[in-house]
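Given next are the chains, with one letter for each unit.
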Amino acid sequence: MIARMLILVARGWQLGPSAILPPSCRFTPSCSAYAITAWTRYGALRGSWLALRRIGRCHPWGGQGHDPVP
């Protein structure tokens, strides 16, 4: 139930602000798509941990490229 609510928030981000802002993702899939996949596979707790780790790597020295959900 909590994971579904988090997924709705991420979808809102994808359809709202993310659609208006210029693309700036360093990774593929984007952080919101990564989070949705993580929540779908692992649930709210572990999926949130994976999503936060991914967002934490999103900085100039954090790498780039293809980074799928484990």
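Per an unreviewed UniProt entry, the protein chain goes by Putative membrane protein insertion efficiency factor and derives from Sphingomonas glaciei. UniProt, in its Subcellular location (unreviewed entry) section for the protein chain, records the words "Cell membrane".

### Topic: the pattern of salt bridges
Evaluation of the coordinates by the stated rule reveals two salt bridges. In this structure, Arg 57 and Asp 67 form a salt bridge, with 2.4 Å as the shortest nitrogen-oxygen distance. Note that Arg 57 is positioned in the loop between helix H3 (31-56) and strand E2 (65-66) and Asp 67 in the segment after E2, a separation of ten residues in sequence. The class for Arg 57 is partly exposed, based on a relative accessible area of 25%. A single network of salt bridges, built from pairs that share partners, joins Arg 54, Arg 57 and Asp 67.

Parameters at a glance
- Residues numbered from 1 in each chain as written.
- Predicted model: local features only at pLDDT ≥ 70, side-chain atom pairs only at ≥ 80, totals over all residues.
- Heavy atoms only, no water.
- UniProt positions renumbered as here; feature names shortened; annotations may be inferred.
- Salt bridge = Lys/Arg side-chain N within 4 Å of Asp/Glu carboxyl O.
- Helix = DSSP H or I, 4+ residues; strand = E, 2+ residues; numbered from the N terminus.
- Buried < 20%, exposed > 50% of the residue type's maximum accessible area, 1.4 Å probe, protein only.

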